[in-house]
Amino acid sequence: MDIMIIHRQDDVIHFLVEGIDVAFANALRRTMLTRVPAMAIDEVLVLENTSVMYDEILAHRLGLIPLITDLESYNLPQDCDCEGKGCSLCQCTLTLEKESGSEDVVVYSGDLVSQDPKVNPSTGEIPLVKLAPNQRLIIEAYARLGTGLENAKFQPVSTVAYKYVPIVEVDKDKCTKCEACVEVCPKKIFVIDKDTLATQNTLDCTMCELCVQECEPGAITIGSKNDAFLFKVESSGALAPEAIVENAADTLKKRIRVSLDFVGKL
Amino acid sequence: MKPRVIEQERYELKIEFQEEDHGFCNLLRKTLLEEPAVEFAGYNIDHPLLASPIVTVRTKKSSKRQAKVVLREALEKMLARTEEFRKDVNQAVSDYSVD
Ligand SMILES: [Zn+2]
């Protein structure tokens, strides 16, 4: 198995894994989506809401705000000593107080004040509701850990996808250097280099095969490897993207161990 | 993950994996099929809303390999591969931050 990180920036990681099959790639993808825990607001106490928005819609919007998650300091409610009733080890309180004066005010996720400085909205720029003059909002919200299995708001990722590694081949004997492929390729894979057709950044190829259609002499073939995958993991901001991958591998390991223990006792 | 035996014979085994999904079961199925002694390996989810797939594995009688042994070996293989992946990811991440 060979893993190479191609690109990592802010909340996104692109990496190449060689020597795995589709089943493993998919198990990993599904684990990242549904089994890696993340924080989200799950209970909301509306003390005052004179805005035009219903309490329920507001609560739903609060639930969808990605929160920076600290997996070290919090337990999943079902694993907590309090048996899921809610305590400081499995719950974090956030409050929101906003009042508009004589002008319209937009309430943003950044207006939430957290009891724990480590648990905060991953961005403060998510608009929640607009207050007209003299409207007020006082809210207490309780965040907890959960998994995507329960509700999509607990997913730490906004995208996890994998694709096959493309192989772009040009038959030099058939190529007439008409440059039709250079024009048509949306990812600019083809370049004319010293009078011959060359390829660049082939990992970007989306396998749309526009070049194959355009190439009149039929010099271009697009294929793919079947034991290598390009992963793209985009975090919602809850966890670092590489932490999500590592945590998913750990979670998958744990599940295999449980079934191995069971099968060993048969 | 709560496994439960549905049917157990020498050459055939049916296990329900409560709370599991396609990710785990398909990986197990594919890994089981790598073993030549396996005659049949598959899983079934009765209803998409019920997360309780049933994995079936049947070995060839001529191979004299017990179903539970083959299943254990497949799970060991899966564990080794996942551990390798975990280790390599860690390595790749630290290599990348050095660059
Ligand atoms: Zn608790």
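Being a predicted model, the structure only gives us computed values, none of them experimental. (Residues numbered from 1 in each chain as written. Chains lettered and ligands numbered in written order. Predicted model: local features only at pLDDT ≥ 70, side-chain atom pairs only at ≥ 80, totals over all residues.)

Colleague: What am I meant to see in the packing of helix H1 (residues 22–33) of chain B against helix H2 (residues 67–98) of chain B here?
Modeller: Each pair of packed helices can be summarised by the angle the axes make with each other and by the distance between the axes. Residue and element names in this part refer to chain B. With their axes 9 Å apart at the nearest point, H1 and H2 run at an angle of 115° to one another. Relative to H2, the element H1 lies roughly perpendicular. Crossing hand, H1 versus H2: right-handed. Within the contact between the two elements, H1 uses Leu27, Leu28, Thr31 and Leu32 and H2 uses Val70, Leu71, Ala74, Lys77 and Met78. (Axes fitted to C-alpha atoms, helices over the stretch in contact; angles between N-to-C directions. Helix = DSSP H or I, 4+ residues; strand = E, 2+ residues; numbered from the N terminus. Parallel < 35°, antiparallel > 145°, perpendicular 65-115°, else oblique. Left-handed = near helix turned anticlockwise from the far one by under 90°. Contact = placed C-beta atoms within 7 Å.)

Colleague: Which parts of the structure should I look at to understand the sheet that holds strand E3 (residues 38–44) of chain B?
Modeller: The strands making up a sheet are joined through hydrogen bonds of the backbone, oriented either antiparallel or parallel. All names here are of chain B. An order of E1-E2-E4-E3 is seen for the four strands of this open sheet, with the pairing classed as antiparallel. Only two strands of the sheet have a single partner each, and these edge strands are strand E1 (2–8) and E3. Averaged over all pairs of adjacent strands, the angle between strand axes in this sheet comes to 15°, irrespective of strand direction. Direction of pairing for strand E2 (residues 12–18) relative to strand E4 (residues 54–59): antiparallel, over a ladder of five bridges. Residue Ile15 lies in a different strand from E4, and its bridge partner there is Val55. The sheet strands contacting H2 are E2, E3 and E4, and the helix crosses E4 at an angle near 115°. (Pairing = 2+ DSSP bridges.)

Colleague: Is there a simple way to think about the interface of chain A and chain B in this case?
Modeller: Accessible area lost upon the coming together of the parts serves often as the stated size of an interface. With 31 residues of chain A at the contact, the number on the chain B side is 30 residues. Within the residue set of the side of chain A that touches chain B, elements represented by two or more residues are strand E1 (2–9), helix H1 (22–34) and helix H5 (241–264) of chain A. It is H5(A) that provides the largest number of residues to the side of chain A that touches chain B, a total of 16 residues. Counted by class, the side of chain A that touches chain B contains 17 nonpolar, five polar and nine charged residues. (Nonpolar A, V, L, I, M, F, W, Y, C, P; charged D, E, K, R; others polar.)

Colleague: What is the right way to read the pairing of strand E4 (residues 92–99) of chain A from this model?
Modeller: The side chains of a regular strand alternate between both faces of the sheet. All names here are of chain A. One ladder, built from eight bridges, connects E4 with strand E8 (residues 136–146); its direction is antiparallel. When the bridges of E8 are listed, Thr93 appears paired with Tyr142. Pairing between E4 and strand E6 (residues 113–114): two bridges, direction antiparallel. Looking at the pairing, Thr95 lines up with Val113 of E6.

By themselves, these are just geometric observations and shouldn't be taken as functional.
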